[in-house]
Amino acid sequence: MLQTRDLIWGLLFIGCAAAIQVQITPTQGEISVGESKFFLCEVVGDAKDIDWYAPSGEKILPNMPDIFVNRADETTSTLTIYHANVDSAGIYKCVAKNGDKEAQATVQVKIFQKITFASAPSPQEFNEGDDADIVCNVVSSPPPTIIWKHKGSKIQVAKDVRYKIMDNGHLQIRGIKKIDEGMYNCEARVMARGEIDFKMIKVVVNVLPTIRARLSEVNATADIGSSALLACDADGFPEPTVTWAHNNIVLETGDKYSLNEDGSELVIKDVKKVDEGDYTCIAKNKAGEKAEEVSLNVFVQPKITYLNNQTASEFDNQVTLTCEALGDPTPTISWSFENRVFTEGEQSLDRNIVVRSHARVSSLTLKNIVFTYAGQYLCTASNSIGQDNQHMYLEVRYAPKIQGRVTVYTWEGNAANISCEVEAHPGASVVWFRDGLQLPSANTTNMKIYNTQSVSYLEITPDSQSDFGSYNCTATNAMGTDSKEFLLIQAEVPSSPEIQQVEPFSSTAVVAFEEPDSMGGVPIIKYKVEWRLPGQDWTGSEHDANDEMTTITIVGLKPETTYEVKMSAINGKGEGESSLASTFKTEPVQGEPSAPILEVKVQDKGNTLKVNWIKQDDGGSPIKHYLVRYKAKHVSDWKPEIRLPYNSEYVMLNGLDWNTEYEVHVVAENQQGKSEPAVISFRTATDPTTIPDAVDSSSGLGTGAIVGILIVVFFLLLLGVDVTCYFLNKCGLLMCIAVNFCGKAGPGAKSKDIEEGKAAFTKDESKEPIVEVRTEEEHIPNQGGGGPTEPNETTPLTEPDGKTVKDDKTKGQTELKNATDEVKTVPNEAPQTNGNESKA
């Protein structure tokens with residue numbers, strides 16, 4: 001090219017008269033929008049200036065932003081169009097000048113638009129059921145033809161009315177379904193250029209959530225620390241998020257509420273009544289949201305909120321007890337007293353007890369008050385959730401009412417107790433009289449009075465017939481006074497029992513009898529049976545009496561021998577007359593002995609039992625031994641047989657299973673053979689609850705160590721008490737040692753005489769008894785609630801050791817009132833008294 005140019009320039013120079021020529025390469029240009037292209041303007045001839053002109057006629061200046069002109073040398077100039085747009089189209093002109101000489105050339109630049117997807121987002125999301133408009137905006141010049149494809153096939157609009165290609169090239173799907181989801185191909189074609197391009201668009205169909213509550217109603221109980229679970233299940237696409245709301249407030253996990261990972265389960269902690277109401281379960285996704293209501297019903301266990309103790313006086317018109325309770329459902333209220341239950345309405349035929357209820361309040365009205373109304377009343381509030389119980393106490397103030405046996409039997413020299421049982425509120429003071437004189441009097445040394453909360457005992461040791469007769473007990477409190485006469489009657493020995501029948505065997509006989517017609521006023525202690533060969537001395541045995549005794553067995557008889565038998569009864573006063581003698585003859589030797597009679601006694605340890613037996617007829621020859629065997633009833637194997645000597649009367653069964661029924665057989669054996677087995681069954685006690693050792697035995701004291709420590713502490717406590725008693729009261733173990741072995745009086749003792757009614761002890765060479773004298777002020781009420789059992793009318797209240805019997809019925813304090821000095825005598829020694837002492 002340079003060679004040609006040089007040739008041309010040479011010719012021009014030689015000719016000196018040649019014209020300027022201009023040529024543009026390429027001669028025409030087509031540029032796609034956004035592309036860049038340059039054009040070269042070549043000048044033949046001597047040209048001083050080479051310029052380019054835009055389609056508008058304006059000269060293109062160097063270094064413009066989108067159109068750049070550059071003159072490379074004397075003969076060429078370049079026009080560059082950067083990033084062409086539609087405004088860049090037109091005819092561009094290159095002009096070469098040299099003086100008055102000028103030449104030009106033109107080039108036409110055409111701008112076209114390639115297929116461009118201006119807007120075809122992916123993915124595009126639609127809600128199921130909507131008319132979907134799938135966007136695919138394509139730009140080109142000339143405008144393209146749009147073709148839509150799905151699953152590799154062209155969409156035939158004519159065959160499926162749901163599809164429609166819009167004027168703007170969009171694809172419309174009417175009532176889009178989940179099955180329409182997938183990849184769609186938007187294809188653009190320009191036939192003039194044979195240009196083609198496509199865009200894959202992902203279509204997502206979102207499904208509106210569906211929601212279902214597992215339970216439309218949930219029940220819970222308040223105030224018991226329980227939780228309530230509310231749950232709903234949601235479905236949809238995309239997976240919906242689940243939230244809960246209550247009273248238009250969205251609930252979140254915290255102290256009161258907790259939600260599981262997907263939010264489908266709401267736990268309400270420590271349910272209260274205020275938590276009751278509707279809870280909304282909300283499921284939400286891109287397609288929208290759905291809500292479902294779940295109702296929480298909170299029930300409340302009954303709670304008694306008002307119940308007070310009441311006080312009334314006997315013979316008042318009425319008193320009303322009120323009980324109020326809360327709960328949901330509203331509780332029903334009932335009353336109970338002792339073994340009676342009171343509900344709505346009149347509760348007695350005399351209309352003295354009436355119950356009325358309204359809403360959550362119930363009243364129990366007691367009319368015409370009597371003292372038996374006093375006591376503890378139970379109010380019970382109940383509903384379908386549970387119940388609540390509370391007690392109240394009705395205090396009834398009433399005048400004393402005296403009870404007790406009117407007649408008491410004893411004999412001269414035997415102490416008897418007349419019991420004056422007093423019911424009164426407030427407590428009554430009790431005074432005893434005889435012949436108008438208050439007891440004990442200065443002239444009575446054989447009477448003492450012991451008072452408890454509810455009983456006053458008059459202890460009398462009759463010296464003569466004059467001590468028998470009538471005694472008056474008078475009780476007084478703020479409400480009134482009551483009195484009653486009691487009779488102390490001379491007891492007699494019992495009459496004779498009546499022998500009904502004698503059933504003889506070869507070596508024994510069973511005597512059946514009836515108890516005496518007269519007991520003599522006091523209980524029978526023993527029965528005496530005597531037998532003999534006719535004309536010989538009587539042989540007898542005594543048997544402790546009990547309420548069920550109707551037969552006594554005589555043993556050691558000879559076979560085929562005639563005997564006489566008689567009986568007598570013994571009470572506290574002595575032995576009564578004997579019955580008429582009955583004659584019987586023993587049977588011949590029968591061989592085997594009769595089966596013994598069995599009874600079972602449970603020992604303190606519940607799985608150890610003592611089986612006693614009573615020997616029956618030995619069959620005419622001595623019993624050699626007893627054979628015992630036993631087993632649990634639910635097993636078939638017997639325990640090893642136990643052989644016991646002939647004189648045995650019981651067997652101890654140890655190590656038995658707890659709460660198990662056992663069967664025991666006992667057989668008596670003599671020279672002739674074995675008796676039939678005596679059979680008895682019993683059940684052992686339930687295994688008691690044990691206190692376990694410390695959880696980590698290696699780090700704590702064992703049971704043995706603890707027991708040892710307790711024993712040492714107990715011993716030291718006793719020693720301290722004994723030392724205190726020695727120095728303060730001149731009594732106790734140390735005092736006994738000092739007096740009996742050392743011959744010394746206790747510290748602080750001033751003399752051997754009784755001083756100011758306090759305890760004094762004496763001991764001299766004549767072995768006189770040691771006497772303790774207590775004044776009335778020294779008797780302290782028993783606060784501990786324990787003590788000996790209640791005495792009867794023939795049991796002295798002062799035992800030989802001087803202990804005072806406590807009323808078992810009241811379990812209250814024992815008070816000693818109106819009593820003279822009490823003499824306590826050391827056992828095995830005769831009492832020594834002075835003139836002011838009473839008989840004990």
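A brief look at the structure comes next. (Residues numbered from 1 in each chain as written. Predicted model: local features only at pLDDT ≥ 70, side-chain atom pairs only at ≥ 80, totals over all residues. Heavy atoms only, no water.)

Let us look at the pattern of salt bridges. Counted according to the given criterion, the structure contains 26 salt bridges. Of the charged contacts in the structure, one is a salt bridge between D160 and R162, with a shortest N-O distance of 4.0 Å. The partner of E661 in a salt bridge is K633, with the nearest N and O atoms 3.5 Å apart. Taken together, the positions of E661 in strand 56 (residues 661–670) and K633 in the loop between strand 53 (623–632) and strand 54 (642–645) put the pair 28 residues apart, joining distant regions of the chain. A residue is classified by how much of its surface remains accessible, and E661, at 30% relative accessible area, is partly exposed. Exposure remark for K633: the relative accessible area of 37% places this residue in the partly exposed category. (Salt bridge = Lys/Arg side-chain N within 4 Å of Asp/Glu carboxyl O. Helix = DSSP H or I, 4+ residues; strand = E, 2+ residues; numbered from the N terminus. Buried < 20%, exposed > 50% of the residue type's maximum accessible area, 1.4 Å probe, protein only.)

Moving on, we come to the environment of A399. Along the chain, A399 turns up in strand 35 (residues 387–403). Measuring from C-alpha to C-alpha, the distance between A399 and E314 comes to 8.1 Å, with 85 residues separating the pair along the chain.

The next subject is the packing of aromatic side chains. What the rule picks out here adds up to eight aromatic pairs. Between Y563 and F584, the aromatic rings sit 5.8 Å apart at their centres with planes inclined by 20°, giving stacked as the arrangement. Highlighted residues: Y563 in strand 49 (residues 562–571) and F584 in strand 50 (residues 582–585), separated in sequence by 21 residues. We classify F584 as buried; its relative accessible area is 6%. Taking the centre distance of 5.9 Å and the plane angle of 15° together, the rings of Y662 and F682 count as stacked. Separated by 20 residues along the polypeptide, Y662 in strand 56 and F682 in strand 58 (residues 678–683) bring together distant segments of the chain. Each member of the pair Y662 and F682 is classed as buried. (Phe/Tyr/Trp six-rings, centres within 6.5 Å; stacked < 30°, edge-to-face > 60°.)

Of all hydrophobic cores here, the largest spans 25 residues; its most connected members are V22, I24, W52, I60 and Y92. Of all the elements in the fold, those that place two or more residues in this core are strand 1 (21–25), strand 3 (37–44), strand 4 (49–53), strand 5 (67–70), strand 6 (76–81), strand 7 (90–98) and strand 8 (101–112). No other element matches strand 8, which puts five residues into this core. Apart from the residues within four sequence positions on either side, V22 is in contact with C41, E42, V43, C94, A96, A103, Q104 and A105. Within the second largest apolar cluster, 24 residues are counted, among which are A325, A381, M392 and Y398. (Core = buried A, V, L, I, M, F, W, Y, C linked by side-chain atoms within 4.5 Å. Contact = heavy atoms within 4.5 Å.)

Taken in spatial order, the three strands line up as 44-45-48 in an open sheet, and their pairing is antiparallel. This sheet does not close on itself; its edge strands, each paired only once, are strand 44 (498–504) and strand 48 (551–554). On average, each strand axis in the sheet is tilted by 20° relative to the strand beside it, whichever way the strands run. (Pairing = 2+ DSSP bridges. Axes fitted to C-alpha atoms, helices over the stretch in contact; angles between N-to-C directions.)

A few words on unusual backbone geometry. The linkage connecting T25 with the following residue, P26, adopts the cis geometry, with an omega of -5°. Mapped onto the elements of the fold, P26 is located in the loop between strand 1 and strand 2 (28–32). Across the junction of H425 and P426, the peptide omega takes the value 0°, indicating a cis bond. Relative to the elements of secondary structure, P426 occurs in the loop between strand 37 (416–425) and strand 38 (429–434). The phi angle at E338 is positive, at roughly 55°, despite the residue not being glycine. Looking at where E338 falls in the secondary structure, it is placed in the loop between strand 29 (332–337) and strand 30 (340–342). For E560, which is not glycine, the phi torsion reads 50° and is therefore positive. Examined against the element boundaries, E560 turns out to sit in the loop between strand 48 and strand 49. Looking at E560, the relative accessible area reads 52%, which means it is exposed.

Glancing now at a positive patch on the surface. Judged by side-chain charge, K624, R629, R643 and K674 come together as a positively charged surface patch. With respect to the helices and strands, R643 occurs in strand 54. Judged by its relative accessible area of 55%, R643 falls in the exposed class. (Patch = residues over 30% accessible without salt bridge, like charges linked within 9 Å, V, L, I, M, F, W, Y side chains within 5 Å. Areas by Shrake-Rupley, 256 points an atom, 1.4 Å probe, with all protein chains shown as cover. Lys, Arg positive; Asp, Glu negative; His and termini not counted. Charge placed at Lys NZ, Arg CZ, Asp CG, Glu CD.)

On to the sheet that holds strand 15 (residues 163–165), then. Strand order in the open sheet formed by three strands is 11-16-15, with antiparallel pairing between adjacent strands. Edge positions in the sheet fall to strand 11 (132–134) and strand 15, since each has one partner strand and no second. Going from strand to strand, the sheet's axes swing by 20° on average, the running direction of each strand aside. Across three bridges, the pairing between strand 11 and strand 16 (residues 171–173) is antiparallel. Residue A132 lies in a different strand from strand 16, and its bridge partner there is I173.

Before going further, it helps to spend a moment on the state of the cysteines. Here, disulfide denotes a covalent bond that connects the sulfur atoms of two cysteines. The tally for this structure, following the rule as stated, stands at five disulfides. Each sulfur of the disulfide joining C136 and C186 lies 1.9 Å from the other. Measuring handedness by torsion sign, the sulfur bridge of C136 and C186 sits at about -90° and is left-handed. A residue pair is termed long-range when its members are at least 10 positions apart, and C136 in the loop between strand 11 and strand 12 (137–139) and C186 in strand 17 (residues 182–190) qualify at 50 residues. By relative accessible area, C136 is classed as buried at 0%. (Disulfide = S-S within 2.5 Å.)

Bringing the side chain of T365 into the picture now. In this fold, T365 is placed in strand 33 (residues 361–367). Given the relative accessible area of 13%, T365 is considered buried. Separated by 3.4 Å, the side chains of T365 and T320 make a polar contact. When neighbours within four sequence positions are excluded, T365 is seen to be in contact with Q318, V319, T320, N352, I353 and V354. (Polar contact = N/O pair within 3.5 Å; in protein donor to acceptor, adjacent residues only side chain to side chain.)

Our focus in this paragraph is the environment of T686. Among the structural elements, T686 can be located in the loop between strand 58 and helix 2 (703–728). Taking the relative accessible area as the measure of exposure, T686 reaches 56% and is therefore exposed. Each C-alpha atom, one on T686 and one on T660, is 8.4 Å from the other, the two residues being 26 residues apart in sequence. Excluding its chain neighbours within four sequence positions, the residues that come into contact with T686 are W658 and N659.

On the surface, a cluster of negative charge is contributed by E498, E514, E515, D517, D547 and E548. Summarising the element assignment, D547 is placed in the loop between strand 47 (539–544) and strand 48. Here D547 falls in the exposed class, since its relative accessible area comes to 83%.

The next thing to look at is a nonpolar patch on the surface. Side chains of V712, F715, L716, L719, V723 and F727 sit close together on the surface and give an oily, nonpolar patch of about 580 Å² of accessible area. One can find L719 in helix 2.

What follows covers the pairing of strand 41 (residues 455–460). With respect to burial, strand 41 is a largely interior element, six of its six residues being buried. In terms of strand pairing, strand 40 (residues 447–452) meets strand 41 through five bridges, oriented antiparallel. What sits directly across from I449, in strand 41, is L458. Counted along the chain from strand 40 to the antiparallel partner strand 41, the turn is two residues long.

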